[in-house]
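Analysis of the macromolecular model
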Amino acid sequence: MDLLDQARAVRENAHAPYSNFKVGAALRSASGAVFTGCNVENVAYPEGTCAEAGAIAAMCAAGEYEIAEIAVIADSPTPVPPCGGCRQKIAEFADAAVPVTLATTGGEAQVTSVSALLPGAFDASHMS
């Protein structure tokens with residue numbers, strides 16, 4: 001199963017009773033392992049979590065900290081990009097050139113990069 005198929009499958013597990021907007025994410029770490037996540041809403045909206053954040057948390061929980069590739073899928077008219085917070089979270093664990101596949105459940109897909117999603121990203125070098 002490829003990365004987009006895994007994102008599609010985990011999307012079905014999303015907890016989105018308020019927005020009905022289910023999102024799935026799957027990432028491949030530098031070791032080749034795949035980690036998935038889905039959005040989990042909460043009635044107190046700011047307390048929910050995004051699919052991308054869930055996949056990143058699963059990767060870190062497994063002791064891995066480098067994203068080699070990531071895919072995100074949603075039932076939307078056009079490929080939906082990660083929110084601003086998730087763009088920063090992805091940039092924390094991925095090089096600028098890492099491919100990001102954005103897709104719809106209808107089959108439309110777009111491949112971009114971390115740097116295209118978050119130009120001028122804040123990173124550890126700014127903390128020196």
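Figured I'd write up the structure that's included with this text. Quick caveat, the model's predicted, so the values are computed rather than measured.

1. Quick notes on unusual backbone geometry
Although it is not a glycine, asparagine 20 sits at a positive phi angle of roughly 55°. Tracing the sequence through the fold places asparagine 20 in the loop between helix H1 (3-11) and strand E1 (23-29). Classification of asparagine 20 by relative accessible area gives exposed; the value is 63%.

2. So, the sheet that holds strand E4 (residues 99-104)
Within the open sheet, the 5 strands sit side by side as E2-E1-E3-E4-E5. Their pairing is mixed. Since the sheet does not close on itself, it has two edges, and those belong to strand E2 (34-38) and strand E5 (109-113), each with one partner. Sheet twist, expressed as the average angle between the axes of neighbouring strands with direction ignored, equals 15°. Strand direction decides the pairing type here: E1 and E2, joined by 5 bridges, are antiparallel. Across the sheet, residue glycine 24 finds its bridge partner in E2, namely cysteine 38. Those strands touched by H1 are E1, E2, strand E3 (67-74) and E4, and its axis lies near 140° from that of E1.

Parameters and conventions
Residues numbered from 1 in each chain as written. Predicted model: local features only at pLDDT ≥ 70, side-chain atom pairs only at ≥ 80, totals over all residues. Heavy atoms only, no water. Helix = DSSP H or I, 4+ residues; strand = E, 2+ residues; numbered from the N terminus. Buried < 20%, exposed > 50% of the residue type's maximum accessible area, 1.4 Å probe, protein only. Pairing = 2+ DSSP bridges. Axes fitted to C-alpha atoms, helices over the stretch in contact; angles between N-to-C directions. Contact = heavy atoms within 4.5 Å.

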